[in-house]
Amino acid sequence: MNTQNTTVHIGLWNRAFWLMAVANLLLSVSTTILLPTMPLWMLYTEGLSEAEVAVAMSCFGLGLFVPGCFCSYLVQRYRRNVVCLVAIVALAVSLVLCLWEPCRMLSYGWICLLRLVQGACFGLSQMVLTSTLIIDTCESGRRTEANHSATWFGRFALSIGPMAGLLLYELSGFRLVSLVAAGCAVASAVLIMLVRFPFRVPGDDVRPVSLDRFLLAHGLPLFFCLLLITIGVGMLLSQPLDASFYALLMVGFLLALLAQRFVFRDAELESEVLSGLLLMLASVLIMIAAPHSPLLSPLLGLGLGLVGSRFLLFFIKLSRHCQRGTSQSTFMLAWEGGIAFGLGLGYAMTESAEQRLHVVLALFAVLLLCYHFFLHPWFLKNRNR
């Protein structure tokens, strides 16, 4: 059947699931709050060039991939919630270290190292949280709905985090932003500690290095498509934007939720991605023609919300037995990594803002055609669910 429908079960939303979903939101906010503010701090307080900012912001994306091949070993060798908590605490520490005066005097390389560490800690905590802990809080028949719903909490962080970050930056500068980011990470850890997880005996044949819970190898075409889409989004977010842009982006996300429930409930499987990419194309065109239009941000949020939700379910449908966690991690890497690399690429293209928009416009147009003619037929042939 080539229609789409995600059933809602009220029984999923128990206390444990609510705690984990909000923890996912706070964890994501702890990093997205830095997306618009850390470049401002590096440019106008630390006196770095746009090229240096581009490298530093991209280091976060590289860090996401560092712990991936060890994730399966860590969650099987040690208690999975403890692994997640240690990663979150390390993330919180790294978020405030850039403000410590002895560290700031070391070099620009220290900032890049911190961004790499932040990416690694966030990547590991997200892999464990979304691929294991959230699944542990629900029944087996509701895991797809749990993944879909919990990921939406993280998706809202892309609007909540930058919006809060810009408001706090205007209020009291980057120091307050960094402290709030660390506080969100700590709050996320506290919520996870409130949930009890069953102890699992580690297997005898646990390999230190593997792709399990890291990267879905046979889903790489889907991975690269989503990565390129979010790279385009990251390039758009490298534009000088205000808090109202991110507030309206949240409106677009809410519209995407409603559209999934009522417009695309039984629509053709590819319609959601095609519609989402068309809406994102429209938002870029509006950004070029009328950069102050209030329509461009909701259209971008609506399109991105539709594309993100559908790609997540596509990864789940591509996964084989016991690969659900791997599909979640693969989606997270494409989503978060693409935004980080897109931000870096956007700051690296210093010639003009209009040039960046034309590049993104061409990228989205090519991806729309590639998805319709190549990727969607490939998915239909290779899905396992």
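Remember, it's a predicted structure, so these values are computed and weren't measured experimentally. (Residues numbered from 1 in each chain as written. Predicted model: local features only at pLDDT ≥ 70, side-chain atom pairs only at ≥ 80, totals over all residues. Heavy atoms only, no water.)

A.B. asks: Would you explain the overall build of the chain in this entry?
C.D. replies: What the chain contains, in helices and strands, is 15 helices and 0 strands. The C-alpha radius of gyration computed for the chain amounts to 20 Å, which stays within 12% of the reference 21 Å derived for 385 residues, consistent with globular compactness. Along the first, second and third principal axes, the C-alpha set of the chain runs to 50 × 45 × 35 Å. By residue count, 57% of the 385 residues in the chain fall in the buried class. By element, 67% of the accessible surface of the chain is carried by carbon and sulfur atoms, the whole surface being about 15,600 Å². Across the chain, the centroid of the 24 positively charged side chains sits 12 Å from that of the 19 negatively charged ones. (Helix = DSSP H or I, 4+ residues; strand = E, 2+ residues; numbered from the N terminus. Rg over C-alpha atoms; globule rule 2.2 N^0.38 Å. Buried < 20%, exposed > 50% of the residue type's maximum accessible area, 1.4 Å probe, protein only. Areas by Shrake-Rupley, 256 points an atom, 1.4 Å probe, with all protein chains shown as cover. Lys, Arg positive; Asp, Glu negative; His and termini not counted. Charge placed at Lys NZ, Arg CZ, Asp CG, Glu CD.)

A.B. asks: What is the right way to look at the nonpolar core in this model?
C.D. replies: Counting 135 residues, the largest nonpolar core has Met-42, Ile-192, Ile-229, Met-280, Phe-311 and Phe-364 as the members making the most contacts within it. Per-element accounting of this core gives the leading share, 13 residues, to helix H13 (residues 296-318). Not counting the four nearest positions on each side in its chain, Ile-192 is found in contact with Met-20, Ala-23, Cys-84, Leu-85, Ile-88, Leu-129, Leu-133 and Phe-197. (Core = buried A, V, L, I, M, F, W, Y, C linked by side-chain atoms within 4.5 Å. Contact = heavy atoms within 4.5 Å.)

A.B. asks: Honestly, the packing of aromatic side chains in this entry has me stumped. Any pointers?
C.D. replies: Within a pair of aromatic rings, the relevant descriptors are the distance that separates the centres and the angle that separates the planes. By the definition in use, this model includes 17 aromatic pairs. For the pair Phe-65 and Phe-223, a centre-to-centre distance of 6.5 Å together with 90° between the ring planes defines the contact as edge-to-face. Taken as a pair, Phe-65 in helix H3 (residues 50-65) and Phe-223 in helix H10 (residues 220-237) lie far apart in primary sequence, 158 residues in all. Assessed through its relative accessible area of 4%, Phe-223 is described here as buried. Residues Phe-223 and Phe-224 carry aromatic rings whose centres are separated by 5.3 Å and whose planes lie at 75° to one another, so their mutual orientation is edge-to-face. These aromatic residues form a ring-pair network of at least three members: Trp-13, Phe-17, Trp-18 and Phe-153. A cation over a ring is seen here: Arg-155 above Trp-152, with NZ or CZ 4.5 Å from the ring centre. (Phe/Tyr/Trp six-rings, centres within 6.5 Å; stacked < 30°, edge-to-face > 60°. Lys NZ or Arg CZ within 6 Å of the ring centre and 35° of its normal.)

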